[in-house]
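Observations on chain architecture
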Amino acid sequence: MVTTDDQAAPAAEDTASRPSWWHRDHPVFTPLAGFFAGLLFVLLVPSVYAGVLSTLADDETTSRLFPFVLVALAVPVGLTLAPHTRRFGRYMLLGVVSTAVVVLGVAALVVWFLVSRS
């Protein structure tokens, strides 16, 4: 079938108005990014918070103020509540919870093993 210039112009406008591949959302990009953001959140936020506190204050003050790191959990909860970032926030919470469960489970298993061997 032969196309004329009149038929080719709308097709060119249609492809030009579409976002590039970088801006389109792949089905697994948001879940993977959210999950690994949650994993990094659990690992980095308490570490950086403790490092900054120990640099700025003495050990007693650092240990007293460390539980306030839990306020940072408002970030994934806030992402879950906002409609635009709800899917990302859910997967971030999944990453946070699953990382915490794995870390605590492995720690409990190691402590049990060490206590039972002594």
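Conventions and cut-offs
Residues numbered from 1 in each chain as written. Predicted model: local features only at pLDDT ≥ 70, side-chain atom pairs only at ≥ 80, totals over all residues. Heavy atoms only, no water. Helix = DSSP H or I, 4+ residues; strand = E, 2+ residues; numbered from the N terminus. Buried < 20%, exposed > 50% of the residue type's maximum accessible area, 1.4 Å probe, protein only. Contact = heavy atoms within 4.5 Å. Areas by Shrake-Rupley, 256 points an atom, 1.4 Å probe, with all protein chains shown as cover. UniProt positions renumbered as here; feature names shortened; annotations may be inferred. pLDDT = per-residue confidence, 0-100. Axes fitted to C-alpha atoms, helices over the stretch in contact; angles between N-to-C directions. Parallel < 35°, antiparallel > 145°, perpendicular 65-115°, else oblique. Left-handed = near helix turned anticlockwise from the far one by under 90°. Nonpolar A, V, L, I, M, F, W, Y, C, P; charged D, E, K, R; others polar. Expected span 1.5 Å × (residues − 1). Phe/Tyr/Trp six-rings, centres within 6.5 Å; stacked < 30°, edge-to-face > 60°.

Quick look at the overall build of the protein chain
- What the protein chain contains, in helices and strands, is five helices and zero strands.
- Counted from the first residue to the last, the protein chain has its helices and strands arranged as α-α-α-α-α.
- The buried share among the 118 residues of the protein chain stands at 13%.
- Contacts in the protein chain between residues far apart in sequence, at least 24 positions, make up 55% of those at least 6 positions apart.
- Looking at the protein chain as shown, the accessible area adds up to about 9,300 Å², and 72% of this sits on carbon and sulfur atoms.

So, the side chain of T62
- Along the chain, T62 turns up in helix α3 (residues 59–65).
- For T62, a relative accessible area of 11% gives the class buried.
- Sequence-distant contacts of T62, defined by excluding residues within four places in its chain, comprise A50, L53, S54 and A57.

Some remarks on the environment of T85
- Inspection of the secondary structure puts T85 in the loop between α4 (74–81) and α5 (86–117).
- For the pair T85 and G34, spaced 51 residues apart in sequence, the C-alpha separation works out to 10.0 Å.

Brief notes about the UniProt feature "transmembrane region" (unreviewed entry) in the protein chain
- Following the UniProt record, the feature "transmembrane region" (unreviewed entry) maps to residues 28–53, 65–85 and 91–115 here.
- This span, residues 28–53, is 96% helix and 0% strand, and a straight line between its end C-alpha atoms measures 37 Å.

Examining the confidence of the model for the protein chain
- For the protein chain, mean pLDDT is 86; residues scoring 70 or higher make up 79% of the total.
- For the protein chain, per-element mean pLDDT is lowest for helix α1 (residues 5–17), which scores 58, and highest for α5, which scores 95.

Side note on the packing of helix α2 (residues 29–56) against α5
- Following both chains from N to C, one finds α2 and α5 inclined at 45°, their axes separated by 7 Å at the closest point. Regarding the angle of α2 to α5, the classification is oblique. Where α2 crosses over α5, the two elements pack in a sense that is right-handed. Between α2 and α5, the residues in contact are T30, P31, A33, G34, F35, A37, G38, L39, F41 and V42 and R87, F88, Y91, M92, L94, G95, V96, S98 and T99, respectively.
- Broken down by class, the residue content of the contact of α2 with α5 amounts to 12 nonpolar, six polar and one charged.

A word on α2
- Between its first and last C-alpha atoms α2 spans 38 Å; for 28 residues at 1.5 Å apiece the expected length is 40 Å, and the two agree.
- Buried within α2 we find T30, P31, G34, G38, F41 and L53.
- Where the residues of α2 are buried, they touch α3, α4 and α5.

Some points on the packing of aromatic side chains
- If you walk through the whole model with that rule in mind, you get two aromatic pairs.
- Measuring from centroid to centroid gives 5.4 Å for F35 and F36, while their planes differ by 80°, and the two rings are edge-to-face.
- The exposure class of F35 is partly exposed, given its relative accessible area of 25%.
- Judged by relative accessible area, which is 43%, F36 ranks as partly exposed.
- On the basis of an interplanar angle of 45° and a centroid distance of 6.1 Å, the ring pair of Y49 and F66 is categorised as tilted. Taken together, the positions of Y49 in helix α2 and F66 in the loop between α3 and α4 put the pair 17 residues apart, joining distant regions of the chain.
- Under the relative-accessibility criterion, F66 is labelled partly exposed at 31%.

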